[in-house]
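Summary of the model geometry
Single-letter residue listing:
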Amino acid sequence: MEKALDIQYIGEWLLPGNLGHLFTLISMVAALLAAIGFYKAASTERVNLTESSSWQKLARTGFILHAFSVVAIILILFFLILNHRFEYKYVWQHSSRSLPVYYMISCFWEGQEGSFLLWQFWTAFLGLILLKFARGWENRVMSVVSLLQIFLAAMLIGIYFFGYKIGSSPFVLLRDEMKDSPIFMRANYLEFVTDGRGLNPLLQNYWMVIHPPTLFLGFALTVIPFAYVLAALWKRNFDDWVRPALVWSLITGGVLGVGILMGGAWAYEALSFGGFWAWDPVENASLVPWIVLIGGIHTLLAYKHTGHALRATSTMLILSFLLILYSTFLTRSGILGDSSVHSFTDLGMSGQLLVFMLAFIILSAGLLVYGWKAMPAPVKEEATDSREFWMFVGSLVLLLVSVLITLDTSWPVVNKLFGTKITITEPITHYNRYTVWFAIVVSLLSAIIQYLRYKKTGNSTAVKKIVAPTLVALALTLIIGFALQITHFAYGLLLFATLFTITANANYLFTVLSGKIKVAGGSVAHLGFGILLLGALISAGKQETISINTAGIDYGEAFNEKNKRENILLYKDRPIQMGPYWVTYIGDSLVPPNTLYKVRYEKKVNEEDKPSEVFTLYPNAQINPNMGLIANPDTRHYLTKDIFTHVSSVADKSKDNESEQLKEIELAPGDTAITSGSFVVLKRINPNPVAINYVPAEGDIAASAQLEVIDMQGKKYTAEPIYYIRNSVENNVVAEIEGMNMTIKFEKILPDKGKIKLAIVERNRPVDFIILKAIIFPYINLLWLGCLIMTVGFIISVVHRYQQGRSQKTKLATGGVNDISGGGALIQPVTAIRDKEG
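An account of the accompanying structure is given in this report. None of these values were measured; they are calculated from a predicted model.

Rules behind the numbers
Residues numbered from 1 in each chain as written. Predicted model: local features only at pLDDT ≥ 70, side-chain atom pairs only at ≥ 80, totals over all residues. Heavy atoms only, no water. Patch = residues over 30% accessible without salt bridge, like charges linked within 9 Å, V, L, I, M, F, W, Y side chains within 5 Å. Areas by Shrake-Rupley, 256 points an atom, 1.4 Å probe, with all protein chains shown as cover. Salt bridge = Lys/Arg side-chain N within 4 Å of Asp/Glu carboxyl O. Lys, Arg positive; Asp, Glu negative; His and termini not counted. Charge placed at Lys NZ, Arg CZ, Asp CG, Glu CD. Helix = DSSP H or I, 4+ residues; strand = E, 2+ residues; numbered from the N terminus. Buried < 20%, exposed > 50% of the residue type's maximum accessible area, 1.4 Å probe, protein only. Pairing = 2+ DSSP bridges. Axes fitted to C-alpha atoms, helices over the stretch in contact; angles between N-to-C directions. Left-handed = near helix turned anticlockwise from the far one by under 90°. Contact = heavy atoms within 4.5 Å. Nonpolar A, V, L, I, M, F, W, Y, C, P; charged D, E, K, R; others polar. Phe/Tyr/Trp six-rings, centres within 6.5 Å; stacked < 30°, edge-to-face > 60°. Lys NZ or Arg CZ within 6 Å of the ring centre and 35° of its normal. Core = buried A, V, L, I, M, F, W, Y, C linked by side-chain atoms within 4.5 Å.

Description of a positive patch on the surface
- A cluster of basic residues, K132, R135, R806 and K809, forms a positive patch on the protein surface.
- With respect to the helices, strands and loops of the structure, K809 is situated in helix α21 (residues 781-813).
- Taking relative accessible area as the criterion, K809 reaches 38% and is therefore assigned partly exposed.

As structure tokens, this is what we get:
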């Protein structure tokens, strides 16, 4: 047999792949050069400025070359995907010819290699910005950023080192990965590999075009506050890093938060679990770093204004990035297995991911130990009624809930390590049980803290200002709680806490800040947070499933008891009452690869009533050979509610087998015959038939049977088959009744009986049906409105803090502020505050 190595394959495009491989190696080497260069530049900047500048110049060149290589890799991979080059495994595995261009973009980051590349691209992009703006912190901050790029680049090189495979290249050929497949013994194998496997059906949603890039930008951003903390510890300078770190932390919080919320919107629109958040391990893995980061932002603000909580700030900003690495390990090592709907499969890089994470843990821990004692801390503790004290408490609460969520998310890791079998069977109920109490505490603090002052005690004025929003929140709680019948104590308390957050921050915005929006970022973000929580509470807590299985039909083992109760069987064209609606499954249509199921909703009390509202939803699904039924919901949106509908099971049309029944009958005018599914009435015999498919000719003897056919539901049809004799030969024109799947043939006239003979063929098709679930989510738009307002709050804060920095820089230039940093960078004289207080 001919060896694969001897085969000259036909039609492969090897040049782009070879270039791609080359650039993956260049990107790693260039990142290594940049990391070494920045490290040496930082190490020598206080002893030999000339040498430091030389190293910095070399490092910058290395990083720019690295960024260029990353862009080149991306362009080559896109080129291969758009040209359907299925000789490359990544292209074959994640794309297909039938995908529209926007989903071809999603193919790029569907796999591990593409998503690592996306992360690497954003970090390179941010690194280029830091080269321009990091100034005195550039060498140290970029050392950390370049180190991250080394590990990310290593994920893509796909080479063997002492028998261990490092990384997975997106430019591997299919024939190299599937060497045992006989097809690759053919030189012309590409003639048989005509299409790829395509994009995961669950990811074929417009949110997946924008959600991953936003989320990975958030991931990439977390390294910047982390790098500033390490740089400060390394440099033992804890003053002028605060302002750039604060700006970058706010940008990170905003972008990462938006990325997570986009994932929630995708889950709501594309997944059929019914909601925007399922406490899926992958969701948790991205949420926890964000929560910790938010805690870090608040303690950073406290440190900026008072000098307190530097150690807590450093720990939280470090943890935020390390938790991103931990989430990467969880989702890409394959350890989550089937416990998440969207974790990646294991590419055999678990060890590499572990080294990736441990390297940064060891580095962070080492620098924390190195700089811990040098970190300034005011001798005098915070007053218990000061703003900084309660910001610190709030951050601790966020940290505590993050620990609990991380622990519950990590049970697969624990099971793997210790052989236990701990699982969370009802994750939504489980997580909600304790997160609701943390949400109450955080909401109350979000309402109150802004009224307190930094380094001040005796907040009697604050108490007076907060009385009015408290009373308004109480009144609203009673009204809304009564209207929505919220009787659960914890949820009632959460309702008050969210309303208190809204009223208190609105009051602060308009009465204390007098509507000065440019300094109101915190209030606006907290206001959005309160509205978001209110929307989540009402929409999730008061959601109503209207597809109740009142007939008690058992749908089989594929449905658990809850789903058996909450799904309804709809036969085609048979209306069923569902809540305030009469719902009819009208039929389906194929829009490859999905099938759209047309479901008409009519709002009325009785079936025969005239509906006050009519609309049609198109939930879709496909029967995927690997994943089974993949269902996507369709939703009717109102200002105050959503009606969410998805199919849970459908008739498998591929197994359709029609059966036919023939019935011959003799009828006189006025007679009625009964078939298996209808009543056939001969109304009269027409001696002069006219029909589109019958043209009378001279000498014809013709007649038609005017029939009324009534189905078992009482629906009436008409039919008129024709019988005629032409040139002494008997002929027929059959009548088809599409709605009944029936054919009627006028076979003969029986003059001696005064009757005619009909042959009726009834074709029985398998019953067409869907099993459907429908949920009403009340006031879910509050949730999306809260997300939007919170994002606006982040943007206002970023702009305000950036302008503050520029203003201070201007004062420095004009001599208005003393430069105590000595580095020409932005100044935050926190140490001076500490020394003064000490």
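Quick word on the pairing of strand β15 (residues 678-686)
- By the bridge criterion, three bridges tie strand β14 (residues 672-674) to β15 in an arrangement that is antiparallel. Residue I674 lies in a different strand from β15, and its bridge partner there is F679.
- Two successive antiparallel strands, β14 and β15, enclose a turn made up of three residues.
- Across eight bridges, the pairing between β15 and strand β16 (residues 701-711) is antiparallel. Across the sheet, I685 pairs through a bridge with A705, a residue of β16.

A short note on the packing of helix α2 (residues 49-82) against helix α6 (residues 138-157)
- Here α2 crosses α6 at 35°, and the two axes come no closer than 11 Å. Crossing angle aside, the handedness with which α2 passes α6 is left-handed. Facing S52, Q56, R60, F63 and H66 of α2, the residues of α6 in contact are E138, N139, M142, V145, S146 and Q149.
- Tallied by class, the residues present in the contact of α2 with α6 amount to three nonpolar, six polar and two charged.

A short note on the packing of aromatic side chains
- The final tally for this structure, using the stated rule, is 39 aromatic pairs.
- Residues Y694 and Y724 carry aromatic rings whose centres are separated by 4.7 Å and whose planes lie at 45° to one another, so their mutual orientation is tilted. Taken together, the residues span a long stretch of sequence, with Y694 in the loop between β15 and β16 and Y724 in strand β18 (residues 722-726) at a distance of 30 residues. Comparing Y694 with Y724 shows no difference in burial state: the two are buried.
- Three or more aromatic residues joined by ring pairs form one cluster here, namely F116, W119, F151, F216, F219, F226, F321, F356 and F360.
- Between K235 and the ring centre of W137, over which it is positioned, the NZ or CZ distance is 4.6 Å.
- The ring of F116 has R332 sitting right over it, with the charged end atom 4.2 Å from the ring centre.

Concerning the pairing of strand β19 (residues 729-733)
- Pairing of β18 with β19, which is carried by five bridges, proceeds in the antiparallel orientation. Residue pairing across strands places I725 opposite E730, the latter belonging to β19.
- Here β18 folds back onto β19, and the loop between the two strands holds two residues, one of which, N727, carries a positive phi near 55°.

Describing the nonpolar core
- Core analysis: the largest hydrophobic core is formed by 189 residues, its most contacted members being W119, L130, Y228, L233, W241, W266 and F360.
- In terms of residue count, helix α10 (residues 242-270) provides more of this core than any other element does, 15 residues in total.

Remarks on unusual backbone geometry
- Despite not being glycine, H84 shows a phi value in the positive range, around 50°.
- Not every positive phi belongs to a glycine, and N727 is a case in point at roughly 55°.
- Considering the arrangement of structural elements, one finds N727 in the loop between β18 and β19.
- For N727, a relative accessible area of 70% puts it in the exposed group.

Some words on the packing of helix α4 (residues 101-110) against helix α8 (residues 207-221)
- Two elements in contact, α4 and α8, have axes separated by 9 Å at closest approach and are oriented at 35°. Where α4 crosses over α8, the handedness of that crossing is left-handed. In this structure, α4 uses Y102, Y103, S106 and W109 to contact α8, whose residues at the interface are M208, V209, P212 and P213.
- Across the contact of α4 with α8, the residue classes tally to seven nonpolar, one polar and no charged.

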